[in-house]
Structure formats: C-alpha cells, structure tokens
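Commentary on secondary and tertiary structure
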Amino acid sequence: GAGVSQSPRYKVAKRGQDVALRCDPISGHVSLFWYQQALGQGPEFLTYFQNEAQLDKSGLPSDRFFAERPEGSVSTLKIQRTQQEDSAVYLCASSLAAGGPRNEQFFGPGTRLTVL
Amino acid sequence: GESVGLHLPTLSVQEGDNSIINCAYSNSASDYFIWYKQESGKGPQFIIDIRSNMDKRQGQRVTVLLNKTVKHLSLQIAATQPGDSAVYFCAEKGYSSASKIIFGSGTRLSIRP
C-alpha cells in the first residue's frame with residue numbers, strides 16, 4: 001500500500017519568501033508528526049496532530065512556523081519569511097493510533113528546503 | 001534534559017563482517033528505544049526496537065543490546081552487506097503513547113568491498 005508522501009520533494013526559496021510543505025499520511029492514520037532534520041543531524045520534533053487537533057507544537061522554532069491539518073488527513077507546514085537557518089529536510093510521519101503499544105511512526109521521504 | 005547521542009559519527013566495515021553501532025542516552029527514565037536506518041534521500045526506516053525491561057532483542061541479521069546500568073545501546077548487524085550502507089540513528093520515545101521520537105545524531109555506516 002501507499003506510504004507517507006510529501007510534496008514538493010525539493011524547494012528553493014529566497015530569504016523572506018513564504019513556503020508551504022505538504023504531507024499526505026497513510027490513509028486512516030490518526031497521528032501525524034512533523035520533524036526538521038538539519039544536514040548531518042538527527043531529526044528534531046516540531047509538532048504533533050491527533051486527527052485535526054494540534055496537541056503539541058512545542059518544537060516549532062518560532063512563530064514563523066505554522067502547521068495545520070484541518071480535516072484530519074493531509075497536513076501543511078507553512079514557514080513565513082524564510083531565513084537561511086530554516087534550510088533543512090522537513091520530515092512527516094504518521095502512526096495508526098493515538099496511543100497503545102509501540103505505535104510505530106512511518107516516515108515520508110521529506111522535503112528538502114534550501115533558503116538562499 | 002533528555003538526549004540520545006552516539007559515540008562515533010562514522011564506521012567503515014568490510015563486507016561480510018559484523019557491524020556494531022553504539023549509542024549512549026542520558027535519561028534514566030527512558031523506557032523504549034528504537035534503531036532507525038536512513039538511506040540518502042529517504043526518511044528514517046524502523047529496524048528494531050527494545051523496551052527497557054529487556055536487555056537483548058534479535059531480528060533478522062540485527063540484534064539490539066541495552067545496558068541500563070551505563071545507559072548504553074548497541075546495534076549489531078551480522079554479515080554486513082552493501083545494502084546496509086546508510087546512517088543509523090538510535091532514538092527514544094514513550095512506549096504507549098503517540099509521543100515524539102527523540103533522535104541521536106547518527107552514525108554513517110560504509111561498506112568496503
């Protein structure tokens with residue numbers, strides 16, 4: 001079956017531009033996560049949705065970052081007034097349940113954002 | 001604060017040999033650990049996991065060892081193959097919750113022919 005998909009796969013933005021990154025989770029998955037992965041580093045948590053509710057946004061680095069999942073499926077991560085330090089791979093992951101044993105997260109391929 | 005880290009950033013192994021990747025963690029309350037494999041241009045892929053009430057778990061060609069006394073994890077890959085070339089991350093999360101994953105900084109495994 002289809003896994004987590006993300007679009008675009010690559011995005012180049014000029015500093016100050018706004019960008020929108022899309023995540024299509026696995027169908028039926030309740031939980032959705034966004035992570036940021038800087039070059040040579042491990043992914044770092046940004047935010048978490050359970051259905052349409054954003055339950056944890058403690059990892060968002062600034063108020064320029066905004067995420068939504070209005071219908072509880074597709075999610076969009078928006079970055080306003082991009083800065084060079086926003087350059088990274090943005091990963092989306094989904095899991096079937098809201099809790100329970102293991103609750104494995106399945107990752108998409110990521111969107112590589114380069115801010116010039 | 002919480003952190004999961006790795007001893008070595010790179011590891012080069014002869015094809016066919018066994019690989020051992022090490023990881024240290026600092027949060028003694030951590031109860032669930034996962035190893036991920038990330039190939040170039042792809043997202044992290046689950047390899048194997050272990051709960052804190054275990055000290056060893058085996059999968060297909062992989063074994064994870066957990067030493068809670070010294071807060072150390074290792075991933076052993078038997079008979080390393082070219083397809084094993086990737087970056088490997090140890091990670092920690094809550095076992096029974098939809099909680100965030102806390103990743104270490106990764107070890108790049110390269111295979112010599």
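See the structure shown above.
Here's the deal with the sheet that holds strand β3 (residues 19-24) of chain A
Residue and element names in this part refer to chain A. Pairing is antiparallel across the open sheet formed by four strands, whose spatial order is β1-β3-β8-β7. For this open sheet the edge positions go to β1 (5-7) and β7 (65-68), each flanked by a neighbour on one side alone. Averaged over all pairs of adjacent strands, the angle between their axes in this sheet comes to 15°, without regard to strand direction. Two strands pair when backbone bridges link them, and β7 and strand β8 (residues 75-79) are joined in this way by four bridges, in the antiparallel orientation. By the bridge assignment, A67 is partnered in β8 with L77.

Thoughts on the state of the cysteines
By the definition in use, this model includes two disulfides over all chains. Across the disulfide, A:C23 is cross-linked to A:C92 (sulfur-sulfur distance 1.9 Å). On the S-S bond that ties A:C23 to A:C92, the torsion sits near -65°, and the link is left-handed. A residue pair is termed long-range when its members are at least 10 positions apart, and A:C23 in strand β3 and A:C92 in strand β9 (residues 88-95) qualify at 69 residues. When its relative accessible area of 0% is taken as the criterion, A:C92 is described as buried. With its sulfur 1.8 Å from that of its partner, B:C23 forms a disulfide with B:C90. Because the torsion about its S-S bond is 55°, the bridge between B:C23 and B:C90 counts as right-handed.

Observations regarding the pairing of strand β11 (residues 111-115) of chain A
All names here are of chain A. Burial along β11 is one-sided: T111, L113 and V115 are buried, and none of R112 and T114, which face the opposite way, are. Two strands pair when backbone bridges link them, and strand β2 (residues 10-13) and β11 are joined in this way by four bridges, in the parallel orientation. Residue pairing in the sheet places Y10 in a bridge with R112 of β11.

Points about the packing of aromatic side chains
All chains considered together, the criterion is met by eleven aromatic pairs over all chains. Consider the rings of A:F107 and B:Y36, whose centres lie 5.8 Å apart with planes at 85°: the pair is edge-to-face. Taken together, the residues A:F107 in strand β10 (residues 106-107) and B:Y36 in strand β4 (residues 32-38) connect one chain to another. Classification of A:F107 by relative accessible area gives buried; the value is 12%. The exposure class assigned to B:Y36 is buried, which follows from its relative accessible area of 1%. One aromatic cluster in this structure is built from A:F33, A:Y35, A:F45, A:Y48, A:F107, B:Y36, B:F89 and B:F103.

Rules of the game
- Residues numbered from 1 in each chain as written.
- Chains lettered and ligands numbered in written order.
- Predicted model: local features only at pLDDT ≥ 70, side-chain atom pairs only at ≥ 80, totals over all residues.
- Heavy atoms only, no water.
- Pairing = 2+ DSSP bridges.
- Helix = DSSP H or I, 4+ residues; strand = E, 2+ residues; numbered from the N terminus.
- Axes fitted to C-alpha atoms, helices over the stretch in contact; angles between N-to-C directions.
- Disulfide = S-S within 2.5 Å.
- Buried < 20%, exposed > 50% of the residue type's maximum accessible area, 1.4 Å probe, protein only.
- Phe/Tyr/Trp six-rings, centres within 6.5 Å; stacked < 30°, edge-to-face > 60°.

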